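Each chain, letter by letter, is given below.
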Amino acid sequence: MPNIDITVDADLQKMFELPACADIQLPSPSPIKITLPTGGSLNAFADISKGVPTDCSMVFSLMLQIAPLLASMDCLLKILKLLGPLVDVIKGLPFPPVKAIKDFIKAAVDLAPCIALPTGAPLIPFVKDILCLILKVMQCLVGQLKTIVGVMGGLSLQLSAAQSSGNSELITTLQCAQENANVSAQHLTEAIAPVGALLDLVGPMLALTGQDPIKLPDMGGAAGVEGLNQLVITLEGVMEAITTVTDALGGC
C-alpha cells in the first residue's frame, strides 16, 4: 500500500510534535535542614511514597520532625533546670540557702520520670517500635528500587532496539524516560541516608536493651542497573539484621 502525505495546518502539526525533555523533566528539590543546639542537624526526608519530592513536601517533612524533637528535649531542659539550684546548694555548703534547697527539690521531683529511662526496660517497646518503623520504610524503599531497576532494564532494551532501527523520535522519548528513571533512582538512594541517621540515633538505646547497634553500610554512589541491584542486596541484608533484633525484643 503506497504512503500518502497529507498536508495539515501548522498549528495541528505542532500539536503532534513530541514535547522537549526539559519541559517534562522531573524537578530536583533543594536540600533543607535545621541546625540543632547540640551541633547536629535535622534533614528533610524525601517522602517517595507521595511521588516525586518537591520543595513543599520536603518542608512539611521537616516540620513533622520538629515536634518530636522538642518533646525529646523535655528531660534535657529539666536537667538544666536542676543544675542551677544544685550549684547554689554546693556553693552554700555546709549551710546552703533554704531557697536553693527548695528549688533543687522541686526540680528533682520534676526530673523523676526521666531518671527511670536509662534502666533499659522502659526503652524496649520504644526501640522495638522505632526499628519496626525503620523496617517498613526500608521495605518500601527496596520495593520501589526493584521497580525502578526493572523499568531501567526495560528502557535499555527498548533504546537499543530503537537505535538499531534508527527511530530518532522513539530514541528521544526513551532517553527522556531513562533520564527520569535515573532521577527517580537518585531520589530513592538519597532517601536512604536519613534511615542510616535514625539507626545511628537508636544505637545507644539498643545497647541499653542488650542488643548490638545496627549500622547502615556506606551506600557509595550507587547508579545504573548493576549498582542499584547491589544496593538492593545490601539493604536486604540490613533488613534481615533489623528483623533479628526486633524478634528478640518481641517482634513487630
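This text follows the structure it describes.
In short, a report on the structure. (Residues numbered from 1 in each chain as written. Predicted model: local features only at pLDDT ≥ 70, side-chain atom pairs only at ≥ 80, totals over all residues. Heavy atoms only, no water.)

Details of the overall build of the chain
1) Next: In terms of helices and strands, the chain carries 8 helices and 2 strands.
2) Next: Secondary structure elements of the chain occur, N-terminal to C-terminal, as α-β-β-α-α-α-α-α-α-α.
3) Next: Within the chain, the proportion of its 252 residues that are buried is 29%.
4) Next: In the chain, of all internal contacts separated by at least 6 residues, the share reaching a separation of at least 24 is 68%.
5) Next: For the chain, the exposed surface amounts to about 16,000 Å²; the carbon and sulfur share of it is 64%. (Helix = DSSP H or I, 4+ residues; strand = E, 2+ residues; numbered from the N terminus. Buried < 20%, exposed > 50% of the residue type's maximum accessible area, 1.4 Å probe, protein only. Contact = heavy atoms within 4.5 Å. Areas by Shrake-Rupley, 256 points an atom, 1.4 Å probe, with all protein chains shown as cover.)

Side note on the environment of Gln163
1) Next: When you line up the elements, Gln163 lands in helix H5 (residues 123-165).
2) Next: In contact with Gln163, not counting residues within four places along its chain, are Ile171 and Gln175.

Considering the side chain of Lys128
1) Next: Mapping Lys128 onto the fold places it in helix H5.
2) Next: The class for Lys128 is buried, based on a relative accessible area of 17%.
3) Next: At 3.4 Å, the side chain of Lys128 forms a polar contact with the side chain of Asp129.
4) Next: Residues contacting Lys128, with those up to four places away along its chain left out, are Thr246, Leu249, Gly250 and Gly251. (Polar contact = N/O pair within 3.5 Å; in protein donor to acceptor, adjacent residues only side chain to side chain.)

Description of the pattern of salt bridges
1) Next: Across all of its chains, the model carries 4 salt bridges by this definition.
2) Next: Residues Asp103 and Lys99 are paired through a salt bridge, measuring 2.8 Å at the closest nitrogen-oxygen approach. Taken together, the residues Asp103 and Lys99, both in helix H4 (residues 98-115) and 4 residues apart, mark about one turn of the helix.
3) Next: For Asp103, a relative accessible area of 33% corresponds to the partly exposed category.
4) Next: One salt bridge in this structure joins Asp129 and Lys128, with 3.4 Å as the shortest N-O distance. (Salt bridge = Lys/Arg side-chain N within 4 Å of Asp/Glu carboxyl O.)

Observations regarding the state of the cysteines
1) Next: Per the stated rule, a full pass over the model turns up 1 disulfide.
2) Next: Residue pairing for Cys132: its cysteine sulfur links by disulfide to Cys252, the two sulfurs lying 2.0 Å apart. An S-S torsion of about -100° defines the bridge between Cys132 and Cys252 as left-handed. With Cys132 in helix H5 and Cys252 in the segment after helix H8 (224-248), this residue pair connects regions lying 120 residues apart in the sequence.
3) Next: For Cys132, a relative accessible area of 9% gives the class buried.
4) Next: Residue class for Cys252 comes out exposed when judged on its relative accessible area of 64%. (Disulfide = S-S within 2.5 Å.)

Focus on H5
1) Next: Helix length check: H5 (43 residues) gives 63 Å between terminal C-alpha atoms against 63 Å at 1.5 Å per residue, within 8%.
2) Next: Downstream of H5 by a residue or two, Gly166 has a phi angle that is positive, lying close to 75°. (Expected span 1.5 Å × (residues − 1).)

Focus on the nonpolar core
1) Next: Judged by nonpolar contacts, the single largest core of 44 residues is most densely connected at Leu131, Met138 and Ile242.
2) Next: Elements with a minimum of two residues in this core: helix H2 (55-72), H5, helix H6 (168-190), helix H7 (192-208) and H8.
3) Next: Counting residues per element, this core draws most heavily on H5, at 16 residues.
4) Next: Aside from chain neighbours lying at most four places away, what touches Met138 is Val195, Leu216, Leu235, Val238, Met239 and Ile242. (Core = buried A, V, L, I, M, F, W, Y, C linked by side-chain atoms within 4.5 Å.)

Remarks on the packing of H7 against H8
1) Next: Axis separation between H7 and H8 bottoms out at 14 Å; the angle between their running directions is 25°. Relative to H8, H7 is oriented roughly parallel. At the point where H7 passes H8, the crossing takes the left-handed sense. Within the contact between the two elements, H7 uses Ile192, Leu199 and Leu206 and H8 uses Leu231, Leu235, Val238, Ile242 and Val245.
2) Next: Its residues placed into classes, the contact of H7 with H8 shows 8 nonpolar, no polar and no charged. (Axes fitted to C-alpha atoms, helices over the stretch in contact; angles between N-to-C directions. Parallel < 35°, antiparallel > 145°, perpendicular 65-115°, else oblique. Left-handed = near helix turned anticlockwise from the far one by under 90°. Nonpolar A, V, L, I, M, F, W, Y, C, P; charged D, E, K, R; others polar.)

A short note on the environment of Lys99
1) Next: Residue classification places Lys99 among the exposed residues on the basis of a relative accessible area of 59%.
2) Next: Sequence spacing of Lys99 and Asp88 is 11 residues, and the spatial spacing of their C-alpha atoms is 9.3 Å.

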